[in-house]
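Next come the chains, spelled out residue by residue.
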Amino acid sequence: MKVTVSRKAHFNAAHRLYVEDWSEEKNNKVFGKCCNENYHGHNYELVVDVIGDIDKTTGIVIDLKVLKDIIKEEIEEVLDHKNLNLDVPYFKKVIPTAENICIFIWDIMRKKISKDKDIAVTLYETPRNFVKYSGN
Ligand code: NI
């Protein structure tokens, strides 16, 4: 019996989406306002799902305090109030789209949560635009 336990978190970050080899025109066409060369910010909302069996002794899937602390230390500390392109080495070569940020977060969480549990990450770039990655 698998149960999903979720924790919400939040960070603000700036980014710029562009492909270096493309013309300004093509970048504008594909990325719109997100390729503004002076960067711009988003209020990202994050949901981390941990899916697993309920422990027979404790009755829980994961200690939410533990999950909260991992997200705070490993994700928020790394991304909050950062310019993703300039401040986060991972995004020097990877375009910081919501998709790629979501994978970045999932990879970190995967290393921190025991392997008998599955993880899914949902990242809201705006209240209406969000992406989800569960490792497939
Ligand atoms: Ni943007």
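Residues numbered from 1 in each chain as written. Predicted model: local features only at pLDDT ≥ 70, side-chain atom pairs only at ≥ 80, totals over all residues. Heavy atoms only, no water.

Draft legend 1. A look at the packing of helix 2 (residues 64-79) against helix 4 (residues 98-112). Where helix 2 meets helix 4, the axes come as close as 11 Å, and the angle between the chain directions of the two elements is 140 degrees. Here helix 2 lies oblique to helix 4, going by the angle between them. Both helix 2 and helix 4 take part in a crossing whose hand is right-handed. Contacts from Leu67, Ile70, Ile71, Glu74, Ile75, Val78 and Leu79 in helix 2 reach Ile101, Phe104, Ile105, Ile108, Met109 and Lys112 in helix 4. Looking at the contact of helix 2 with helix 4 residue by residue, the class counts come to 11 nonpolar, no polar and 2 charged. (Axes fitted to C-alpha atoms, helices over the stretch in contact; angles between N-to-C directions. Helix = DSSP H or I, 4+ residues; strand = E, 2+ residues; numbered from the N terminus. Parallel < 35°, antiparallel > 145°, perpendicular 65-115°, else oblique. Left-handed = near helix turned anticlockwise from the far one by under 90°. Contact = heavy atoms within 4.5 Å. Nonpolar A, V, L, I, M, F, W, Y, C, P; charged D, E, K, R; others polar.)

Draft legend 2. Spatial organisation of the pattern of salt bridges. Counted according to the given criterion, the structure contains 6 salt bridges. Notably, a salt bridge pairs Lys2 with Asp53, separated by 3.4 Å at the nearest N-O pair. Of this pair, Lys2 sits in strand 1 (residues 2-15) while Asp53 sits in strand 2 (residues 40-53); the two residues are 51 residues apart in sequence, bridging distant segments of the chain. In this structure Lys2 comes out as exposed when scored by relative accessible area, which is 53%. (Salt bridge = Lys/Arg side-chain N within 4 Å of Asp/Glu carboxyl O. Buried < 20%, exposed > 50% of the residue type's maximum accessible area, 1.4 Å probe, protein only.)

Draft legend 3. Representation of the coordination of the nickel ion. Within the protein, the nickel ion binds to His15 (NE2), Cys34 (SG), His40 (NE2) and His42 (NE2); these donor distances fall in the range 2.1 Å. Here the nickel ion binds 4 donor atoms, and the angle range of 93 to 132 degrees at the metal identifies the geometry as tetrahedral. Along the chain, the residues that donate to the nickel ion are spaced as H-x18-C-x5-H-x1-H. Exposure class is identical for His40 and His42. Each is buried. (Donors = N, O, S within 2.8 Å, 3.2 Å for Na, K, Ca; no water. Tetrahedral: all angles 85-135°; square planar, octahedral: opposite > 155°, others 65-115°.)

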